[in-house]
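Results of the structural survey
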Amino acid sequence: ADAVSSSSSSPSCKKSSSFIIHKSFDDDIINRYDAFILDQFGVLHNGRNALPGAVECVKALHKAGKLLIILSNTSSPAEVALSKLPTYGFSSDLFVGGAVTSGEEASRYIKENYGNNNKKEITSKAYMMTWDASVGRPHPNQFLEKCGTNIAVASSIKEADFLLLHGS
């Protein structure tokens, strides 16, 4: 078996008998590294609930002095990703390493390469493919605002300087 119950493995993450960890994730691994980069969806939670034992494991890693960092492919900024963690039972304070999100990195890249904030006139246009803002999600323009004040939405692909495929 590739996985073992945490109750028979690493004391660092054995508080939940329902949590199954890979046999290679033992004290040798935990003690070897100063930090752990953790994805959110599918690692810590499933979008509705924390995965069994994940909260306990995160607390144990933090108690062991490990730097914990969230890595997520959400289009939301890092602070939004961190603010959702308590919903699943995680204290965002345990992630002192913060969070890195694909949305934040993408908006930074777009701002550096297409968004010249020294000019007030529109200098770049993005053709956006995104969700319907009326379904209770943040409006896509909130993301676009992080990309620079001089970027507008293109009405066609032909007039666009770049494509922006934006999710949740």
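This write-up is about the structure you can find in this document. None of the values given here were measured: they were computed from a predicted structure.

As a further point, take the pairing of strand β4 (residues 67–72). In this structure, strand β3 (residues 35–39) lies alongside β4, joined through 5 bridges in parallel fashion. In the strand pairing of β4, D39 is matched with L71. One crossover worth recording links β3 to the parallel β4 by way of helix α2 (residues 54–63), and it is right-handed. Where β4 lies against strand β5 (residues 99–101), 3 bridges are found, and the strand directions are parallel. In the strand pairing of β5, L71 is matched with V100. Of the crossover connections in this fold, the one passing from β4 over helix α3 (residues 78–84) to the parallel β5 is right-handed.

So, about the sheet that holds β3. Spatially, β3-β4-β5 is the arrangement adopted by the 3 strands of the open sheet, whose pairing is parallel. The two strands at the open ends of the sheet, each matched to only one other strand, are β3 and β5. Strand-to-strand twist in this sheet, taken as the mean axis angle between neighbours without regard to direction, amounts to 20°. Contacting β4 and β5, helix α4 (residues 102–113) runs over the sheet at an angle of about 65° to β5.

Take the sheet that holds strand β7 (residues 151–153) next. Ordered in space as β7-β6-β8, the 3 strands form an open sheet in which the pairing is parallel. Looking at which strands have only one partner, the edges of the open sheet turn out to be β7 and β8 (162–165). Averaged over all pairs of adjacent strands, the angle between strand axes in this sheet comes to 40°, irrespective of strand direction. Pairing analysis gives 3 bridges linking strand β6 (residues 124–129) to β7, with the strands arranged parallel. Looking at the pairing, K125 lines up with A152 of β7.

Let's shift gears to the pattern of salt bridges. Considering all chains together, one arrives at 3 salt bridges under this definition. With a closest N to O distance of 3.6 Å, E104 and R108 form a salt bridge. Of this pair, E104 and R108 are both found in helix α4, 4 residues apart, which corresponds to roughly one turn of the helix. For R108, a relative accessible area of 39% corresponds to the partly exposed category. A salt bridge links R108 to E105; its shortest N-O distance comes to 3.1 Å.

Turning our attention to the side chain of K66. Here K66 is to be found in the loop between α2 and β4. One buried charged side chain, K66, makes no salt bridge at all; its nearest oppositely charged neighbour is D34, positioned 4.8 Å away. Here I30 takes part through its backbone oxygen, which lies 2.9 Å from a polar atom of the side chain of K66. Sequence-distant contacts of K66, defined by excluding residues within four places in its chain, comprise I30, N31, Y33, D34, F36 and L61.

Moving on, we come to the side chain of Q40. Checked against the element boundaries, Q40 lands in the loop between β3 and α2. Ignoring any residue separated from it by four or fewer positions in sequence, one finds Q40 in contact with H45, I70, L71, S72, A81 and L85.

The next point concerns the nonpolar core. Ranked by size, the top nonpolar core spans 19 residues in total, and within it L38, L44, V58, L68, I70, F90 and F95 carry the most contacts. Among the elements of the structure, β3, α2, β4 and α3 are those that each provide at least two residues to this core. Ranked by residues supplied to this core, first place goes to α2 with 5 residues. Setting aside its immediate chain neighbours within four residues, L68 contacts F36, L38, V58, L61, H62, L94, F95, V96, G97 and G98. In this structure, L144, I151, F162 and L164 belong to the second largest nonpolar core, which totals 9 residues.

Basis of the calculations
Residues numbered from 1 in each chain as written. Predicted model: local features only at pLDDT ≥ 70, side-chain atom pairs only at ≥ 80, totals over all residues. Heavy atoms only, no water. Pairing = 2+ DSSP bridges. Helix = DSSP H or I, 4+ residues; strand = E, 2+ residues; numbered from the N terminus. Right-handed = clockwise from strand over helix to strand, strands pointing away. Axes fitted to C-alpha atoms, helices over the stretch in contact; angles between N-to-C directions. Contact = heavy atoms within 4.5 Å. Salt bridge = Lys/Arg side-chain N within 4 Å of Asp/Glu carboxyl O. Buried < 20%, exposed > 50% of the residue type's maximum accessible area, 1.4 Å probe, protein only. Lys, Arg positive; Asp, Glu negative; His and termini not counted. Polar contact = N/O pair within 3.5 Å; in protein donor to acceptor, adjacent residues only side chain to side chain. Core = buried A, V, L, I, M, F, W, Y, C linked by side-chain atoms within 4.5 Å.

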